[in-house]
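# Examining the three-dimensional arrangement
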Amino acid sequence: MGQALSLGVAIAIPLAGGIAGSVVTRKAVKEWYPKLKKPSWTPPNWLFGPVWTYLYATMGYASHRIFQRGGWQGNALPLSLYAAQLALNFTWSPLFFGAKKLGLALVNISAMGVAVAATAASFWPVDPLASKLLFPYLFWVSYATALNAYIFVHNPKQEGGEGEKKKE
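A brief structural summary. Model, not experiment: these values are computed from the prediction.

## Side note on the nonpolar core
- Formed by 34 residues in total, the largest nonpolar core has its most connected members in Trp 32, Tyr 33, Phe 96 and Tyr 137.
- Those elements that place two or more of their residues in this core are helix H2 (45-67), helix H4 (76-98), helix H5 (102-123), helix H6 (128-133) and helix H7 (135-154).
- A total of 8 residues in this core trace back to one element, the largest contributor, which is H5.
- If we ignore the near neighbours within four places in the chain, the residues touching Phe 96 are Trp 32, Tyr 33, Leu 36, Lys 101, Leu 102, Ala 105, Asn 148 and Ile 151.

Have a look at this one:
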């Protein structure tokens with residue numbers, strides 16, 4: 001596989017997952033999310049698309065840089081951690097917006113933060129720039145974790161959430 005094609009695939013994988021996640025979130029962002037109690041520091045909805053596009057593109061580029069320095073054989077641990085955090089990332093939107101399982105989404109995004117930090121740490125000895133490319137992502141996931149935690153705590157009876165009253 002040529003370098004340009006390899007880079008394209010590395011960037012396309014996280015972007016495709018993000019697009020798939022946005023399909024799940026679209027209706028809930030318009031109808032369910034506005035009804036939630038959120039903190040004053042909640043970003044405007046229009047910001048999520050550009051931020052995630054940037055983050056997905058940079059994480060894809062970072063993974064490409066690692067792959068180019070030894071492939072799976074030479075960098076199995078960093079690339080496996082990358083795949084694990086990406087899997088957690090792809091499951092957060094369906095949990096939070098699709099299933100409306102705020103607590104489970106919080107567990108997921110907390111694990112994602114640990115996985116992103118571990119990925120960045122494992123990238124560092126192979127390519128410090130690839131590691132640094134994940135720093136904005138780690139910041140955003142940390143911020144999103146705090147937001148998820150606030151929403152979970154302040155919306156205990158939200159429809160579809162863990163605190164929903166059972167209908168008799």
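## Focus on the side chain of Asn 108
- On the secondary structure map, Asn 108 appears in helix H5.
- On the basis of relative accessibility, which here comes to 7%, the residue Asn 108 falls in the buried class.
- Leave out the neighbours within four places in its chain, and Asn 108 touches Leu 88, Thr 91, Trp 92 and Leu 95.

## Some thoughts on the packing of H4 against H7
- Packing of H4 against H7 brings their axes to within 14 Å, and their N-to-C directions diverge by 30°. When the axes of H4 and H7 are compared, the pair comes out roughly parallel. Judged by the twist between their axes, the crossing of H4 over H7 is left-handed. Of the residues in H7, those in contact with Gln 85, Asn 89, Trp 92 and Phe 96 of H4 are Tyr 137, Asn 148 and Ile 151.
- Grouping the amino acids of the contact of H4 with H7 by side-chain chemistry returns 4 nonpolar, 3 polar and no charged.

Definitions and cut-offs
Residues numbered from 1 in each chain as written. Predicted model: local features only at pLDDT ≥ 70, side-chain atom pairs only at ≥ 80, totals over all residues. Heavy atoms only, no water. Core = buried A, V, L, I, M, F, W, Y, C linked by side-chain atoms within 4.5 Å. Buried < 20%, exposed > 50% of the residue type's maximum accessible area, 1.4 Å probe, protein only. Helix = DSSP H or I, 4+ residues; strand = E, 2+ residues; numbered from the N terminus. Contact = heavy atoms within 4.5 Å. Axes fitted to C-alpha atoms, helices over the stretch in contact; angles between N-to-C directions. Parallel < 35°, antiparallel > 145°, perpendicular 65-115°, else oblique. Left-handed = near helix turned anticlockwise from the far one by under 90°. Nonpolar A, V, L, I, M, F, W, Y, C, P; charged D, E, K, R; others polar.

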